[in-house]
Amino acid sequence: MTESIYVGHAEADALGDRGWLLGHFKPEDDVRHSQDVEIKWGVHPKGEERAQWVHGEKRTALLVLISGRFRLEFPGRSVVLERQGDYVVWGVGVDHSWVAEEESVVMTVRWPSVAGYAVG
């Protein structure tokens, strides 16, 4: 069934939906639509940082460093990802923010897929 197959390129597809490749925000008839999980290909220039902290997190998240140097901030703790493959996982209720210390590419997986976290 070819309707259930999507072939793409993470960097090109990331240009839409602020880098998110899969999640609740894709059209319901798209195989990339999911209420269970979200996946993001994040390309961040050096010095880019999240506009504001996420408070009251309702999801679990995994962030994997593909390239660069990327710092995550948690209450009372900073985590620096600096080697390809370094990753961090955080759970429900963990507030967080981030900054790209170098030009960075990261892959984020969050579950479940929940609306309401976009920062304009």
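Provided above is the structure to which this section pertains.
Residues numbered from 1 in each chain as written. Predicted model: local features only at pLDDT ≥ 70, side-chain atom pairs only at ≥ 80, totals over all residues. Heavy atoms only, no water.

A. Up close: the overall build of the protein chain. Counting secondary structure elements, the protein chain contains 1 helix and 8 strands. The linear arrangement of helices and strands in the protein chain, starting from the amino end, is α-β-β-β-β-β-β-β-β. The C-alpha atoms of the protein chain give 14 Å as radius of gyration, which agrees with the globular expectation for 120 residues (14 Å, within 12%). Dimensions of the protein chain, computed from the C-alpha atoms along their principal axes, are close to 45 × 30 × 25 Å. Split into buried and exposed, the 120 residues of the protein chain put 38% on the buried side. In the protein chain, of all internal contacts separated by at least 6 residues, the share reaching a separation of at least 24 is 65%. Total accessible area computed for the protein chain in this model is approximately 7,100 Å², and 52% of it derives from carbon and sulfur atoms. Counting 13 positive and 19 negative side-chain charges, the protein chain places the centres of these two groups 5 Å from one another. (Helix = DSSP H or I, 4+ residues; strand = E, 2+ residues; numbered from the N terminus. Rg over C-alpha atoms; globule rule 2.2 N^0.38 Å. Buried < 20%, exposed > 50% of the residue type's maximum accessible area, 1.4 Å probe, protein only. Contact = heavy atoms within 4.5 Å. Areas by Shrake-Rupley, 256 points an atom, 1.4 Å probe, with all protein chains shown as cover. Lys, Arg positive; Asp, Glu negative; His and termini not counted. Charge placed at Lys NZ, Arg CZ, Asp CG, Glu CD.)

B. Up close: the sheet that holds strand E4 (residues 70-74). One open sheet holds the 3 strands; their spatial order is E5-E4-E7, and the pairing between them is antiparallel. Here the strands that pair on one side only, and so sit at the sheet edges, are strand E5 (77-81) and strand E7 (97-100). Between one strand axis and the next, the sheet turns through 20 degrees on average, direction left out of account. Here 5 bridges tie E4 to E5, and the two strands are oriented antiparallel to one another. Its bridge partner being in E5, Glu73 is matched across the sheet by Ser78. (Pairing = 2+ DSSP bridges. Axes fitted to C-alpha atoms, helices over the stretch in contact; angles between N-to-C directions.)

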